[in-house]
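# Reading the structure
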Amino acid sequence: MKNRPIAKLLLKSRDVDISKYDQTFLEKSLQRRMTEMHCGYEEAYYTFMEQNNQEGEAFLNSLLIGYSEFFRNSLSFSVLEKIIFETILLKKTNSKRKEIRIWSAACSSGQETYSLAMLLKEFKNGEGEEINFRIFATDCSEEVVNEARKAEFRIESLTNLSLKRINQWFTKQGDIYTVKPELNENIDFSVFDLLNEELSSPPTSIFGNFDLVVCANLLFYYKPDSQKKIIEKVVQCLTKGGFLMTGETERSILMKYNLVEVYPQSAIFRIQNPQS
Ligand SMILES: C[S@@+](CC[C@H](N)C(=O)[O-])C[C@H]1O[C@@H](n2cnc3c(N)ncnc32)[C@H](O)[C@@H]1O
């Protein structure tokens, strides 16, 4: 792909190297965009892109598939609720830093982040008290981060939520369900590209050190060397014994690293034999 005219044009005009993406995913995205723009041949699409300033950006945006759901992988969220949060809290009993720190690392329009916040707000420690947590939620697309901050959803996107949760955590106005401010108060949304080579963690988090990183449903869009860069970045931000949650279909990618799945099929991993 690197040597194709479209790849060279995007590198020159937008400074984006599309060869980082998985080849099959790129070909499908290109075909889809060509059809939408009524271009039968790649050469015609190249000329169209060259002559239309907005098309480069539109094509790059089409590569950032933002589909998400609340509680997308129910087993993972159930393992978080029943096992992982308890384990993290236990670890914190003797530590000076009581706050649970989470990074929702490709948060799209916020469904994943708000699902985590619901679980943590509903979770009570041994004394029945609310727990102290902060979620740093990032995505490389400014557009979806702004949507996530807006916290507005249509009923169709709430299908995985019980009526109890909808009533507890949303206010309804017309067709729009808005997340209540109390669910938002422990979340920081910001723009962050996981392939940025200069930054190791979101600057808003100041020092990384996360008890849990959720990096789900984006690895499969990338080539193995880009996947490796992303995985190494998120793993080095974990506290000792911290957890990494990924997408259900990305488990096989994570298995190739020095990570163990904490519970079968959960898509939640831990570093094997952490050194420090
Ligand atoms: C399919 S959505 C997944 C959303 C959510 N994590 C989930 O599992 O439902 C993939 C998201 O990854 C984001 N993304 C893709 N490449 C990224 C990168 N290099 N850095 C940060 N976010 C990225 C996209 O903008 C998109 O919002």
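Residues numbered from 1 in each chain as written. Predicted model: local features only at pLDDT ≥ 70, side-chain atom pairs only at ≥ 80, totals over all residues. Heavy atoms only, no water.

### Observations concerning the pattern of salt bridges
Where we set the bar: Within this document, salt bridges are pairs made up of a side-chain nitrogen of Lys or Arg and a carboxyl oxygen of Asp or Glu, the two lying within 4 Å of each other. Each helix is a run of DSSP H or I of at least 4 residues and each strand a run of E of at least 2, with the numbering of both proceeding from the N terminus. Note on exposure labels: buried denotes an accessible area under 20% of the residue type's maximum, exposed denotes more than 50%, and partly exposed covers the range between, all computed with a 1.4 Å probe on protein chains only.
For the structure on display, the rule yields 15 salt bridges. Among the salt bridges present, the one from arginine 4 reaches glutamate 27, with a minimum N-O distance of 3.0 Å. With arginine 4 in the segment before α1 (5-14) and glutamate 27 in helix α2 (residues 23-36), this pair connects stretches of sequence that are 23 residues apart. On the accessibility criterion, arginine 4 (22% relative accessible area) is partly exposed. A relative accessible area of 24% places glutamate 27 in the partly exposed class. Among the ionic pairs, arginine 154 bridges to aspartate 175, the shortest N-O distance being 3.8 Å. One end of the pair, arginine 154, is in strand β3 (residues 152-154); the other, aspartate 175, is in the loop between β4 (170-173) and β5 (176-179), with 21 residues separating them in the sequence. Assessed through its relative accessible area of 53%, aspartate 175 is described here as exposed. It is possible to trace a salt-bridge network through shared partners that takes in Arg4, Glu27 and Glu42.

### With respect to the domain arrangement of the protein
You'll often see interface size given as the accessible area lost when the parts meet. To keep it simple, the criterion reads: An automatic or database domain assignment supplies the start and end points of every domain. What makes two residues a contact is simply this: any of their non-hydrogen atoms within 4.5 Å. Each of two parts loses accessible area, computed with a 1.4 Å probe, when they are put together; buried area is these two losses added. Ten residues, namely Ala, Val, Leu, Ile, Met, Phe, Trp, Tyr, Cys and Pro, are considered nonpolar, four, namely Asp, Glu, Lys and Arg, are considered charged, and the remaining ones, Gly among them, are considered polar.
We note that the domain assignment places domain 1 (5-62) and domain 2 (74-152 + 183-271) within the protein. Using only C-alpha atoms to locate each centre, domain 1 and domain 2 end up separated by 32 Å. Opposite the 6 residues of domain 1 that make contact, domain 2 presents 7 residues. Together, the buried faces of domain 1 and domain 2 total about 570 Å²; carbon and sulfur atoms form 53% of this surface. Between domain 1 and domain 2 we count 0 salt bridges in total. For the side of domain 1 that touches domain 2, a count of residues per class yields 2 nonpolar, 2 polar and 2 charged.

### A closer look at the site of the ligand
Counted only if it meets this: Distances are taken per atom, and a residue is near a molecule or strand as soon as one of its heavy atoms is within 4 Å of it. Nitrogen and oxygen atoms within 3.5 Å of one another constitute a polar contact, given that in protein one can donate a hydrogen and the other can accept it, and given that sequence-neighbouring residues count only through two side-chain atoms. In this description, accessible areas are obtained by the Shrake-Rupley approach with a 1.4 Å probe, and a residue is regarded as covered only by the protein chains that are shown.
In the vicinity of the ligand, 20 residues are found, and the nearest of them are Ser68, Arg72, Glu112, Asp139 and Tyr222. One of the backbone N or O atoms of alanine 106 is found 2.8 Å from a nitrogen atom in the ligand. With respect to the ligand, the side chain of aspartate 193 contributes an N or O atom lying 2.8 Å from a nitrogen atom. For the ligand, whose accessible area on its own is 600 Å², the fraction buried by protein is 98%. Along the lines of polarity and charge, the residues of the shell around the ligand split into 11 nonpolar, 5 polar and 4 charged.

### Quick word on the pairing of strand β7 (residues 210-214)
Stated formally: At least two bridges found by DSSP between two strands is the condition for calling them paired. For the handedness criterion, the strands are oriented away from the viewer, and a crossover whose path from the first strand over the helix to the second runs clockwise is classed as right-handed.
Counting buried positions over the 5 residues of β7 gives 5, a clear majority of the element. Of the pairings in the sheet, the one linking strand β1 (residues 100-104) to β7 comprises 3 bridges and is parallel in character. Looking across to β7, one finds that serine 104 is bridged to valine 214. Strand direction decides the pairing type here: β7 and strand β8 (residues 238-245), joined by 4 bridges, are parallel. Residue pairing in the sheet places valine 214 in a bridge with methionine 245 of β8. For the crossover that starts at β7, traverses helix α10 (residues 224-236) and ends in the parallel β8, the hand is right-handed.

### A closer look at the side chain of glutamate 55
Along the chain, the position of glutamate 55 falls in helix α4 (residues 53-62). A relative accessible area of 4% places glutamate 55 in the buried class. Of note is the side chain of glutamate 55, whose polar atom sits 2.8 Å from the side chain of arginine 33. The residues contacting glutamate 55, other than those within four sequence positions of it, are Arg33, Met37, Tyr45, Phe48 and Met49.

### Overview of the environment of tyrosine 21
In this structure, tyrosine 21 sits in the loop between α1 and α2. Residue tyrosine 21 is classed as buried on the basis of its relative accessible area of 5%. For the pair tyrosine 21 and leucine 63, spaced 42 residues apart in the sequence, the C-alpha separation amounts to 8.6 Å. With residues near it in sequence (within four places) discarded, tyrosine 21 still touches Leu26, Leu63, Leu64, Tyr221, Tyr222 and Lys223.

### Re the packing of helix α3 (residues 42-51) against α4
Which entries qualify depends on this criterion: Between the N-to-C directions of two axes lies an angle of 0 to 180 degrees, each axis being a line fitted to C-alpha atoms and, for a helix, fitted only over the stretch in contact.
Direction vectors running N to C along α3 and α4 enclose 115 degrees, while the axes themselves pass 4 Å from each other. Along the contact surface, α3 presents Tyr45, Phe48, Met49 and Gln51, while α4 presents Asn53, Glu55, Gly56 and Phe59. Residues that form the contact of α3 with α4 fall into these classes: 4 nonpolar, 3 polar and 1 charged.

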